[in-house]
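Structural features, examined
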Amino acid sequence: DGGITQSPKYLFRKEGQNVTLSCEQNLNHDAMYWYRQDPGQGLRLIYYSQIVNDFQKGDIAEGYSVSREKKESFPLTVTSAQKNPTAFYLCASKGQGSQPQHFGDGTRLSIL
Amino acid sequence: AQSVTQPDIHITVSEGASLELRCNYSYGATPYLFWYVQSPGQGLQLLLKYFSGDTLVQGIKGFEAEFKRSQSSFNLRKPSVHWSDAAEYFCAVGSMEYGNKLVFGAGTILRVKS
């Protein structure tokens, strides 16, 4: 089945540590997105990539970094500069034109 | 700036009753609109989408939504709610002019009482 796989489902970070969230898709989509979800705030865009080897900052990119070396993969690194990283992180991908975004099942990041 | 407003944070309806979830948007380009549903701890599932044409769109699970340009609204409706519809619902707006990025509302949590 085609879809988006996010791993791990739960992740814990120590103070001063960088952690990387994985997002893989086998939908052959060009565009991929990372969102952060906090209770009562909906989803906020962190980074997005419309093509391999290119990505743009979203609304809340500070303290995060990404790479897009392969079409299928768009990992997100939460750096130690992100002071409030506890949240639910969602990855999405999108096909051509007016196709909707498809979402993975998310990764919940907590601070130890 | 683009924005999406879902005025109701929580809604409680009785099983079998009708449902309407409100969504209003402010957008500088020709929008396309979506409703997504999320169960706790899960990702978002697309319920329906509007791009152009007929302003009343049908989605999965018996949901429908009506695009009203004059009111900048895209309200979600269901004639008879089932207990399994309890979840959080998100309205989102996007546009090719803005790089296909979506702007989401804050969500409406639906509770269904038996």
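It should be noted that the structure appears before, not after, this text.
As the structure is a prediction and not an experimental result, all values here were calculated from the model.

**A closer look at the overall build of chain A**
Along its length, chain A carries zero helices and 11 strands. Walking chain A from its N terminus toward its C terminus, one meets helices and strands in the order β-β-β-β-β-β-β-β-β-β-β. Relative to its length of 112 residues, chain A is compact, with a C-alpha radius of gyration of 13 Å against a globular reference of 13 Å. Counting only C-alpha atoms and orienting by the principal axes, one finds that chain A spans roughly 40 × 25 × 25 Å. When the 112 residues of chain A are sorted by exposure, 48% land in the buried category. In chain A, the proportion of contacts linking residues at least 24 apart, taken out of those at least 6 apart, comes to 52%.

**Quick look at unusual backbone geometry**
Residue and element names in this part refer to chain A. The residue after Ser-7, namely Pro-8, is reached through a cis peptide bond having omega -10°. If you trace the backbone, Pro-8 turns up in the loop between strand 1 (4-7) and strand 2 (10-13). Of note in the backbone geometry, Asn-28 takes a positive phi value of approximately 60° without being a glycine. By the element assignment, Asn-28 lies in the loop between strand 3 (19-25) and strand 4 (31-37). The backbone phi angle of Asn-53 is positive, close to 65°, even though this residue is not glycine. Note that Asn-53 resides in the loop between strand 5 (43-51) and strand 6 (54-57).

**Notes on the state of the cysteines**
All told, the structure shown has two disulfides over all chains when counted by the stated rule. A sulfur-sulfur separation of 1.9 Å characterises the disulfide bridge that pairs Cys23(A) with Cys91(A). Handedness of the Cys23(A)-Cys91(A) disulfide follows from its S-S torsion of about -75°: it is left-handed. Residue Cys23(A) is found in strand 3, and its partner Cys91(A) is found in strand 9 (residues 87-94); the two are separated by 68 residues along the sequence. Covalently, Cys23(B) is tied to Cys91(B) through a disulfide, its sulfur atoms 2.0 Å apart. Of note, the bridge from Cys23(B) to Cys91(B) carries an S-S torsion of about -65° and is left-handed in sense. Of this pair, Cys23(B) sits in the loop between strand 3 (19-21) and strand 4 (24-26) while Cys91(B) is found in strand 10 (residues 87-94), placing the two residues 68 residues apart along the sequence. This pair shows no difference in class: Cys23(B) is buried, exactly as Cys91(B) is.

**Thoughts on the interface of chain B and chain A**
Accessible area lost upon the coming together of the parts is a frequently used measure of interface size. On the side of chain A, 22 residues touch chain B, which itself brings 20 residues to the contact. Between chain B and chain A lies a buried interface of about 1,600 Å² when both sides are counted; carbon and sulfur atoms form 57% of it. In this structure, the connection of chain B to chain A is made through zero salt bridges. At the junction of chain B and chain A, the tally comes to three residue pairs in polar contact (both at pLDDT 80 or more). Broken down by secondary-structure element, the contributors of at least two residues to the side of chain B that touches chain A are strand 5 (32-38), strand 6 (44-50) and strand 11 (102-104) of chain B. Broken down by element, the residue count for the side of chain B that touches chain A peaks at four residues, all from strand 5 of chain B. Counted by class, the side of chain B that touches chain A contains 11 nonpolar, seven polar and two charged residues.

Thresholds applied
Residues numbered from 1 in each chain as written. Chains lettered and ligands numbered in written order. Predicted model: local features only at pLDDT ≥ 70, side-chain atom pairs only at ≥ 80, totals over all residues. Heavy atoms only, no water. Helix = DSSP H or I, 4+ residues; strand = E, 2+ residues; numbered from the N terminus. Rg over C-alpha atoms; globule rule 2.2 N^0.38 Å. Buried < 20%, exposed > 50% of the residue type's maximum accessible area, 1.4 Å probe, protein only. Contact = heavy atoms within 4.5 Å. Disulfide = S-S within 2.5 Å. Buried area = accessible area lost by both parts, 1.4 Å probe. Salt bridge = Lys/Arg side-chain N within 4 Å of Asp/Glu carboxyl O. Polar contact = N/O pair within 3.5 Å; in protein donor to acceptor, adjacent residues only side chain to side chain. Nonpolar A, V, L, I, M, F, W, Y, C, P; charged D, E, K, R; others polar.

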